[in-house]
Amino acid sequence: SFCEASDWFVLVCKFDRHIMPLSALVHSFNAYFGKFLLVQGPAGRYLPRNPSVQERFNHFSRSMVTSFDGKSFCQLCELLPNLKKLFPLLADSQKYKKQNNAAGNTTTDYEDCMIASIAQSDNTRASFSSPGAVGSGNHRLSHLLHVMFQAICSGGHPVVFVAEDLHWSDPFTVDVLGDFVQTAALCASNNLSAEQEEPKGSLLLVGSYRDNEVSADGFLVEQIKCMEQSKRNVNVTRLCVGELRYHEINRMLSFKFCLPMRHTVELSRLVHHKTRGSPIHIVEFLRSIIERNMMSYSVKFRRWVWDDTSIDIHMISEGVVELLARKLQQFPLNVIETLKVVSCFGQISESTIELLDVGQFVPDMQETLELAIKEGIIEKAGHIFAFSHDMLQESTYNLISAEERKRLHKKIGTSLVQDKRVATNPELSILAVDQINMCQDPVNILNPMERALFARLNLTAGKHSIAASSYEQARGYLEAGISLLHAQAWTRQYSLCLELHEISVVVSFMDGNLETVSSRLDVILSNAKSFDDSLNSRVLRSKFLVSQAQYAESTNELLGILSHFGEEFPKDACLAHVKSEIKATQLMLKDVTKESILDLPTMTDVRKMNAMKLMGRELVLLPLGHSGGRNS
């Protein structure tokens, strides 16, 4: 994560078709913060950071602490576990608030993303505060990432962000990266002083993508154009790594083999003919002819030698995928099986391998991965194993037939849920449900008990994603959970079904998917067994009506809920009603002091408490002139 020679902060994000783009982006930041964690020594004591790392940590930690309020920081910690480990006290919202209050600071308490459970008579269902405006979820997450990256760029050191395989990204993630660029440009201009030749806080974004996987008018190309047209200090350089020409291959081979170019002319012609100049194909082609002893190092002549005729006759032209597939099939069976498991994850950590019941897959998975590393198929960064190239993963995954994929994903998912921690560890739940959700038809490959289990785990994963402000990801988990419910779920799985649908409504509302909001609300209100069970949905429908500018209907909905709590309001309220109520209230409070109010016992009437919450949080959201009659 650090380039010692130039004091750069280095972050690497590798996108993958099996991993949600946002998850890949978040993982890169989590891995970056993990580099600052203290390492526990053999005696149980934590080893101090080296001075260079400590200096960097001090810079960015000051920026992080001063950039976030308590609630936002807690949300970010849900998204980035290593950040929570770095700042355990600040991650505790109560301690954070106490520290801020003691220092005389004020914090902005962001609304939580779930609707209040207002009228429950017991404590069995969780209560949440009101969601924001339509589509506010993505804006909130983008804002959190923006502030965090601004804090990193303000840490006194330039940043290099490597984004590999951007063709697997999505519009939201690419917009976030574009926002990073604009943020870094602003930080650099703010930090630039007369004494500095180069501004601290600069960003070098290195992105790679396959141009044949990206449309000319797609979101990625449009974002690059926006960067080029930016009025801030943003310089964009495009490097096209296309097919290598014959003379370029000859120069490369001459350099690699330490031979004059005239000695590699014929070999270069063969390589260019067989590979069509594809860089990755050239590398694999050369490896394959060495493995077949068509090229070797001669001790006698002290140089590389080869047989042009043999190479020309025995090697046939293949595509890159076919060549890689043939190479993979040459490995021992245990290596192939291990690579198949890894290809289902995209990348896998040592801890995940330990969680798997390895005996169900490969007895010596760690050893086989080490062998794959030696062959250049797998790379290891810290505790993470990943394919050295996404085409290698693609080729490995394609070795698995469609039916075998279903069985393998199920086998991995059911193996992970055997761990007792799955009920309390959201990250483990996510790991397991991701495998089940990647099955093409999970409903038909799971038995009823497994479907119920993974429906609940999808709910857990969805809640975790909500806490981390990852609403698009949460919506995917909730939709998957709903699809796994029993055909008669409203009868046999009522509580689970109600919770999945309610949270799905809120997430869809914040994600801007209003069609889902409307349909899900109708389903809930049609199947709820009691008024209390439908209350969340009724309040949500009121907010939905406001978003559609149906203010009168929204007001009627809220007044109906208040009427259920015993709080009656006139349907045609006017200014005279308001004046009358104000005077009556003033008379009631005439001889009441602030101290006497504070000495009153805590309110315990749940109906009155919920009515207060509803009036405080929902009625105030209605535009002036639409909260009552025509004269209100």
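Note: the structure precedes this text.
All values derive from a computational prediction rather than experimental measurement. (Residues numbered from 1 in each chain as written. Predicted model: local features only at pLDDT ≥ 70, side-chain atom pairs only at ≥ 80, totals over all residues. Heavy atoms only, no water.)

Asker: Before we go on, may I ask you to explain the overall build of the chain in this structure?
Answerer: For the chain, the count of helices and strands is 31 helices and eleven strands. In the chain, which comprises 632 residues, the proportion classed as buried is 45%. Long-range pairs, those at least 24 residues apart, make up 67% of the contacts in the chain between residues at least 6 apart in sequence. For the chain, the exposed area adds up to about 33,100 Å²; of that, 53% sits on carbon and sulfur atoms. (Helix = DSSP H or I, 4+ residues; strand = E, 2+ residues; numbered from the N terminus. Buried < 20%, exposed > 50% of the residue type's maximum accessible area, 1.4 Å probe, protein only. Contact = heavy atoms within 4.5 Å. Areas by Shrake-Rupley, 256 points an atom, 1.4 Å probe, with all protein chains shown as cover.)

Asker: Looking at this structure, I do not really get the packing of helix α19 (residues 402-416) against helix α20 (residues 426-437). What am I missing?
Answerer: Two measures define how a pair of helices packs: the angle their axes make with one another and the distance between the axes. It is at 7 Å that the axes of α19 and α20 come closest, and there the two elements cross at 160°. Taken together, α19 and α20 sit at an angle that is classed as roughly antiparallel. The crossing of α19 and α20 is left-handed. Touching His409, Lys410, Ile412, Gly413 and Leu416 of α19 are Leu428, Leu431, Ala432, Gln435 and Ile436, all from α20. Tallied by class, residues from the contact of α19 with α20 come to six nonpolar, three polar and one charged. (Axes fitted to C-alpha atoms, helices over the stretch in contact; angles between N-to-C directions. Parallel < 35°, antiparallel > 145°, perpendicular 65-115°, else oblique. Left-handed = near helix turned anticlockwise from the far one by under 90°. Nonpolar A, V, L, I, M, F, W, Y, C, P; charged D, E, K, R; others polar.)

Asker: Explanation requested: the pairing of strand β8 (residues 303-306) in the structure shown.
Answerer: In summary, the side chains of a regular strand alternate between the two faces of the sheet. Sheet topology note: the strand β7 (residues 295-298)/β8 ladder contains four bridges and is antiparallel. Note on β8: the bridge partner recorded for Tyr297 is Trp304. (Pairing = 2+ DSSP bridges.)

Asker: It is not clear to me how the environment of Gly376 should be interpreted in this structure. Could you clarify?
Answerer: One can find Gly376 in the loop between α17 (365-374) and β10 (378-381). Note: C-alpha distance between Gly376 and His389 (13 residues apart in sequence) is 9.5 Å. With near-sequence residues (within four places) excluded, Gly376 lies in contact with Ser388 and Leu392.

Asker: What is the right way to read the pattern of salt bridges from this model?
Answerer: Once their charged atoms are close, side chains differing in charge can pair, the charge on each being opposite to the other. Tallied over the full model, the rule gives 17 salt bridges. Lys14 is paired through a salt bridge with Glu164; the nearest N and O atoms lie 3.9 Å apart. Of this pair, Lys14 sits in strand β2 (residues 8-14) while Glu164 sits in strand β5 (residues 159-164), and the two are 150 residues apart along the sequence. With a relative accessible area of 22%, Lys14 lands in the partly exposed category. (Salt bridge = Lys/Arg side-chain N within 4 Å of Asp/Glu carboxyl O.)

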